[in-house]
Amino acid sequence: SFDPKQGLTIGAKVTVADILKSKDVKEYYPALRQAAKVFATPQLRNSATVLGNILRASPAGDCSLALFATGATLTLSSKAGTREVNLDDFWISYGVTARQNDELAVKLQVPPPVKGQKSAFQRMTRTKEDLSKINAAVCLQMEDNMCTAARIVMGCVGPTLLRLPETEKLLTGSEVTDDLLQKISKQVASEISPIDDKRSSAEYRNKVAGVLVRRVIELALNGKGNEQ
């Protein structure tokens, strides 16, 4: 459900297919819609839940990455009560999360969109329905051509989904120019630690990561997050 003041609430049973049906997601959360569009196969989109994707803690998770870019908060419940964990603090290491064994994930709260907010997601794969070999998402706060706040996140470049704080600092408070985007593209490699696996190599990921981040920023700014 969506409320302009509360944002988007995603319950435990909401599937990836449900995300694609939402007009509010299409209008206000383009990065999430784009991630959902390329998520696995139609059959899996009909059964896979958004919260399940988050709990799996895959460093390649597409929907998880898009939600990470927005700064969403997960509500966990147990006999002791409920607590909220920001996605910034949820993925601890490969396959390990902040969820305790007796806790259930109840819902995810995505902040309401604000004026000038732009987001986008892109990934690279070997084949269309494969897991990502590298992916990126951004959520930017813009005033004209000035970026006042930024969240930049990547997947498949570390043991968990990663935020790139130094890259965010380059963008925040700056006018977005070609020169700045070139600096951002070069900065990215210093913040990631990819490995070789069956989908790609560390060398390739290091080479393309900066290019991918630049493309996602440009996609967000061009307002085409729903068209790709």
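Residues numbered from 1 in each chain as written. Predicted model: local features only at pLDDT ≥ 70, side-chain atom pairs only at ≥ 80, totals over all residues. Heavy atoms only, no water.

Turning next to the overall build of the protein. When its secondary structure is counted, the protein shows nine helices and twelve strands. Here the protein has a C-alpha radius of gyration of 17 Å; the compact-globule value for 228 residues is 17 Å, and the two agree. Buried positions account for 50% of the 228 residues belonging to the protein. Here the contacts in the protein between residues at least 6 apart in sequence split such that 62% fall between residues at least 24 apart. Put simply, the protein shows about 11200 Å² of open surface, and 49% of that area lies on carbon and sulfur atoms. The centroid of the 31 positive side-chain charges in the protein is displaced by 6 Å from the centroid of its 25 negative side-chain charges. (Helix = DSSP H or I, 4+ residues; strand = E, 2+ residues; numbered from the N terminus. Rg over C-alpha atoms; globule rule 2.2 N^0.38 Å. Buried < 20%, exposed > 50% of the residue type's maximum accessible area, 1.4 Å probe, protein only. Contact = heavy atoms within 4.5 Å. Areas by Shrake-Rupley, 256 points an atom, 1.4 Å probe, with all protein chains shown as cover. Lys, Arg positive; Asp, Glu negative; His and termini not counted. Charge placed at Lys NZ, Arg CZ, Asp CG, Glu CD.)

This brings us to the sheet that holds strand β7 (residues 104–110). What the five strands build is an open sheet, ordered β1-β2-β7-β3-β4; its pairing is antiparallel. The sheet is open, and its two borders are formed by β1 (2–3) and β4 (81–86), each paired with just one other strand. (Pairing = 2+ DSSP bridges.)

Okay, helix α9 (residues 202–221) next. An α-helix turns once per 3.6 residues; consequently, residues spaced three or four apart project the same way. Over its 20 residues, α9 extends 29 Å from the first C-alpha to the last, a length consistent with the 28 Å expected when each residue adds 1.5 Å. A bend of about 35° at Val-208 is the largest found in α9. Looking only at α9, the buried set comprises Ala-202, Arg-205, Val-208, Ala-209, Gly-210, Leu-212, Val-213, Arg-214, Val-216, Ile-217, Leu-219 and Ala-220. Of the surrounding secondary structure, the elements contacted by the buried residues of α9 are β8 (117–124), β9 (134–143), β10 (146–155), α7 (165–171) and α8 (178–187). Looking one or two residues beyond α9, the residue adopting positive phi is Gly-223, at roughly 70°. (Expected span 1.5 Å × (residues − 1). Bend = angle between axes of the 7 residues up to and from the residue.)

By secondary structure assignment, the location of Ser-22 is in the loop between α1 (16–21) and α2 (23–28). Sequence separation between Ser-22 and Ser-190 is 168 residues, and the spatial gap between their C-alpha atoms is 37 Å.

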